[in-house]
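Next come the chains, spelled out residue by residue.
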Amino acid sequence: MTEPAAPPRFALFRAKDATDFEASGLMETVPPTPIEMAGSIAAVEAGMLEGTRVKLLFAMPGLSLTHAWFRSGFPLPRHSHDVDCLYFILAGSLRIGTEELGTGDGFFVGAGVPYTYVPGRQGVEVLEFRGSNSFDIRMLANNPAYWDRAVAQVTAQRDHWAQEAPPSGLMFGKDGR
């Protein structure tokens, strides 16, 4: 039996080498309910994926760092993860609950804690620090009315999203996308 490789004691990462988060395989989706599945499909067909870009910046056993950019008004569904996550707002703003947070602010979400937030007028860029390189996402939006509002929001914002640039001006990945 081969011992797993020890994590590096030092490592560099570069913005140009960031990879699409979806392709990384770090996050496993817990099967959604039929309502969540139908709502997700409707939102994606309306253009929801145009409102977000998530890049994996760094991962090693027990640690990952992701950059997420959500364009203005992106309808982020209520969800949870099975690991703790620390969020740092790199640029833009968001509302979480009754709190308005901006550049330099952040928040912590413990494993299993449901949450959502609403990006501000310029959208929001967050760095997501997790003490794991493997975690899940559990959708907690089992309400048809939520998905109807999300689809309406995507439809209303989609043209505007095409004109938005990341508020930090930073670009990640080889093609800057």
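Residues numbered from 1 in each chain as written. Predicted model: local features only at pLDDT ≥ 70, side-chain atom pairs only at ≥ 80, totals over all residues. Heavy atoms only, no water.

A. Focus on the overall build of the protein. In terms of regular secondary structure, the protein is built from 3 helices and 10 strands. On the principal axes, the C-alpha backbone points of the protein span a range of 50 × 35 × 30 Å. A total of 177 residues make up the protein; the buried ones form 43% of that total. Sequence-distant contacts in the protein: of pairs separated by 6 or more residues, those separated by 24 or more amount to 78%. When the accessible surface of the protein is summed, it comes to about 10000 Å², and 57% of that surface belongs to carbon and sulfur atoms. Distance between charge centres in the protein, computed from 15 positive and 20 negative side chains, equals 5 Å. (Helix = DSSP H or I, 4+ residues; strand = E, 2+ residues; numbered from the N terminus. Buried < 20%, exposed > 50% of the residue type's maximum accessible area, 1.4 Å probe, protein only. Contact = heavy atoms within 4.5 Å. Areas by Shrake-Rupley, 256 points an atom, 1.4 Å probe, with all protein chains shown as cover. Lys, Arg positive; Asp, Glu negative; His and termini not counted. Charge placed at Lys NZ, Arg CZ, Asp CG, Glu CD.)

B. Focus on the pairing of strand 3 (residues 52-60). Along strand 3, 7 of the 9 residues are buried, which leaves the element largely enclosed by surrounding structure. Taken together, the 8 bridges between strand 3 and strand 4 (residues 63-70) define a ladder with antiparallel strand orientation. When the sheet's bridge partners are listed, phenylalanine 58 is paired in strand 4 with leucine 65. Count of turn residues in the strand 3/strand 4 antiparallel hairpin: 2 residues, of which glycine 62 carries a positive phi of about 85 degrees. (Pairing = 2+ DSSP bridges.)

C. Focus on the layout of surface pockets. Of the volumes computed, that of the largest pocket is approximately 1000 Å³. Every residue lining the largest pocket is counted, 36 residues in all, and those nearest its centre are Glu22, Met27, Leu49, Thr52 and Val54. For the lining of the largest pocket, the elements supplying multiple residues, two or more each, are helix 1 (21-24), strand 2 (27-29), helix 2 (34-46), strand 3, strand 4, strand 9 (118-130) and strand 10 (135-139). Broken down by element, the residue count for the lining of the largest pocket peaks at 5 residues, all from helix 2. Tallied by class, the residues present in the lining of the largest pocket amount to 21 nonpolar, 6 polar and 9 charged. Roughly 220 Å³ of internal volume is contained in the second largest pocket. Taken together, 15 residues make up the lining of the second largest pocket; nearest its centre are Pro75, Leu76, Thr116, Val118 and Tyr146. A per-class count over the lining of the second largest pocket returns 10 nonpolar, 3 polar and 2 charged. (1 Å grid on protein atoms, 1.4 Å probe; cavity = no way out; pocket = protein on both sides within 12 Å on 5 of 7 lines; lining within 4 Å. Points joined across faces, edges and corners; volume = space filled by probe spheres on them. Nonpolar A, V, L, I, M, F, W, Y, C, P; charged D, E, K, R; others polar.)

D. Spotlight on the packing of helix 2 against helix 3 (residues 144-161). Two numbers describe how helix 2 lies on helix 3: the axes approach to 9 Å, and their chain directions differ by 10 degrees. On the basis of their axis angle, the class for helix 2 and helix 3 is roughly parallel. On helix 3, the residues that touch Ile35, Glu36, Gly39, Ser40, Ala42, Ala43 and Ala46 of helix 2 are Pro144, Trp147, Val151, Val154, Thr155 and Arg158. Taken together, the residues that form the contact of helix 2 with helix 3 break down as 8 nonpolar, 3 polar and 2 charged. (Axes fitted to C-alpha atoms, helices over the stretch in contact; angles between N-to-C directions. Parallel < 35°, antiparallel > 145°, perpendicular 65-115°, else oblique.)

Spatial relationships are all this shows, so hold off on functional conclusions.
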